[in-house]
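Examining the three-dimensional arrangement
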Amino acid sequence: MRDGPLIIKDIIQSNWQNPEFAFLSAFHTTVGDEKCPNKSIHLTAAMQFSRFQSVIGSMWSVDDEVAQQVVSAFYNKLVDDSGRLDSTQAAVALHKAVKKLQHNNVPLEQQIIFVHIGV
């Protein structure tokens, strides 16, 4: 963030207006802080706790090219013919985007980085 680090407290205290979907492509957004093992909430969970219906996060670092492939294929599946984003299809869109990686011979550990939480 330009004015400081993004922290979970700021996300939870934000006043989101009808939040539907978030895609957190930065690495480790679905992993807690090693320095605070007693705090089990992570960035992806914080977004869902803040009323986002559907959130995609990553479990470890991802190759930039792989992330670009996933994000591109994901949004191609998530946006309908009228150009409208249908967040209820996020899990299906992620599944199809990851399936494309298998055909591109992407290593397994790079195929299973992203997780979907929510509807």
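Structure: above.
My aim in this report is to walk through the structure given alongside it, one point at a time. No experiment lies behind these values; they were computed from the predicted model shown.

What counts as what
Residues numbered from 1 in each chain as written. Predicted model: local features only at pLDDT ≥ 70, side-chain atom pairs only at ≥ 80, totals over all residues. Heavy atoms only, no water. Buried < 20%, exposed > 50% of the residue type's maximum accessible area, 1.4 Å probe, protein only. Helix = DSSP H or I, 4+ residues; strand = E, 2+ residues; numbered from the N terminus. Pairing = 2+ DSSP bridges.

Details of the pairing of strand S2 (residues 54–58)
Burial analysis of S2 places five of its five residues in the buried class, the great majority of the element. On S2, burial covers both faces: Ser 54, Ile 56 and Ser 58 on one face and Val 55 and Gly 57 on the other are all buried. Relative to S2, strand S1 (residues 21–23) runs parallel, the two being bridged by three bridges. Opposite Phe 21, over in S2, you have Ser 54 as the bridge partner. One ladder, built from five bridges, connects S2 with strand S3 (residues 114–118); its direction is antiparallel. Across the sheet, Val 55 pairs through a bridge with Ile 117, a residue of S3.

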